[in-house]
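Take a look at the letters that make up each chain.
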Amino acid sequence: MESPLIVGVDGSGPSLTAVDWAVDEAALHRLPLRLVYASLWERYEGVVPTGGTDRPSEQVMAEHVVASAQERARLRDAEVKVSTDVLPEDAVSALVDAGDTASGLVIGSRGRGGLKGLLLGSVGLGVASRARCPVVVVRGDSAGVTGTHERILLGAGGPESAGAAVRFAFREAAARGCVLDVVRAWRTPLLEASRAVAPPDNSPLGYEERAAALLEELLSEAAAEHPEVRVRRATVEGPAHRVLVDRSAAADLVIVGARRSTGQLGLQLGRTAHTLLHHAQCPVAVVPQRA
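In this text, all values refer to a predicted model and were calculated from it rather than measured experimentally.

Reading the values: rules and limits
Residues numbered from 1 in each chain as written. Predicted model: local features only at pLDDT ≥ 70, side-chain atom pairs only at ≥ 80, totals over all residues. Heavy atoms only, no water. Helix = DSSP H or I, 4+ residues; strand = E, 2+ residues; numbered from the N terminus. Buried < 20%, exposed > 50% of the residue type's maximum accessible area, 1.4 Å probe, protein only. Contact = heavy atoms within 4.5 Å. Areas by Shrake-Rupley, 256 points an atom, 1.4 Å probe, with all protein chains shown as cover. Salt bridge = Lys/Arg side-chain N within 4 Å of Asp/Glu carboxyl O. Axes fitted to C-alpha atoms, helices over the stretch in contact; angles between N-to-C directions. Left-handed = near helix turned anticlockwise from the far one by under 90°. Nonpolar A, V, L, I, M, F, W, Y, C, P; charged D, E, K, R; others polar. pLDDT = per-residue confidence, 0-100.

Our next topic: the overall build of the chain. Check the secondary structure of the chain and you find 10 helices and 11 strands. With 291 residues in all, the chain has 47% of them scored as buried. Put simply, of all contacts in the chain between residues at least 6 apart along the chain, 79% involve residues at least 24 apart. For the chain, the accessible area works out to roughly 14,600 Å², and carbon and sulfur atoms hold 50% of it.

What follows deals with the pattern of salt bridges. In the structure shown here, the tally under the stated rule is 12 salt bridges. Aspartate 20 serves as the salt-bridge partner of arginine 76, at 4.0 Å between the closest nitrogen and oxygen. With arginine 76 in helix H3 (residues 57-76) and aspartate 20 in helix H1 (residues 13-29), this residue pair connects regions lying 56 residues apart in the sequence. Its relative accessible area of 41% is what places arginine 76 among the partly exposed residues. Taking the shortest distance from any N to any O, the salt bridge between glutamate 216 and arginine 233 comes out at 2.8 Å. Of this pair, glutamate 216 sits in helix H8 (residues 204-225) while arginine 233 sits in strand E8 (residues 231-237); the two residues are 17 residues apart in sequence, bridging distant segments of the chain.

So, about the packing of helix H4 (residues 91-98) against helix H5 (residues 122-130). Packing of H4 against H5 leaves a shortest axis separation of 9 Å and a crossing angle of 35°. Crossing of H4 against H5: the hand is right-handed. In this structure, H4 contributes Ala91, Val92, Ser93, Leu95 and Val96 to the contact, and H5 contributes Ser122, Val123, Gly126, Val127 and Arg130. Residues of the contact of H4 with H5, tallied by class, amount to six nonpolar, three polar and one charged.

Residues three or four positions apart in an α-helix share a direction because the helix packs 3.6 residues into each turn. The buried fraction of H4 amounts to six of the eight residues, a majority that puts the element mostly inside the structure. Those residues of H4 that fall on the buried side of the exposure criterion are Ala91, Val92, Ala94, Leu95, Val96 and Ala98. Tucked into the core, H4 has its buried residues touching strand E1 (5-8), strand E2 (33-38), strand E3 (82-87), strand E4 (104-108) and H5.

Attention now goes to the confidence of the model for the chain. When pLDDT is averaged across the chain, the result is 85; 81% of the residues are at 70 or more. Scored below 50 in pLDDT, residues 43-51 shows nine contacts in the model against residues more than four places distant or in partner chains.

Below you can see the structure in the form of structure tokens.
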């Protein structure tokens, strides 16, 4: 049996949007779906004594949340196999651990306990920072969430973080039958004030050519494996986080890679991933580069 696609649910509006998105994704890739509610309710309400008839209110609510989400998933696509879990654990740790046997994790942009002013909840950021499988944070406007643009956007980073993200992007574009836009941002370092002319190797054209060459190198293997995918390559001068946020307005999913941090738990997301998770106008996939 294939590894399931896991959705973190808590009954909030953003988590229900994530359920809808995940059902469509599971149907697209023919994957089972697992709905997970995780909370440390036992720590605060106490474990029900053996033989007791009353259940903690948080447990009752959790069971209602997953049952409602399961019914919502069934109504959206009855062909998708759906299972549920209620875990008395910290939500971030539970979802990260569950991701070890998952094809991916899907979460909403904010949870039930999130402050209204926050652009991304702490659970979303924690899971995206620590998971060892692809994580999709479902956010953005209705056009991006519902997939009406028929376009996937890939931010091509360096070789140390981009390989898994490139393969993920090509598989996603192939399954959807849509265009894959791949963007490599580049910058011209500031010249010393005393220099009137840049050396040939440091000319803007030189930096753009190197960005284009790196882009071809990153894409060559995956492009050969998926000749059916229409790829549009672009090298753009400017900060990668701004370039990708702007282009996310015309995408159904923006994908970035993340590398493992040496000597630290989790991943090094970097400024680009952080900015997209807070400001992208479509769902964001963070794909870890396995060691």
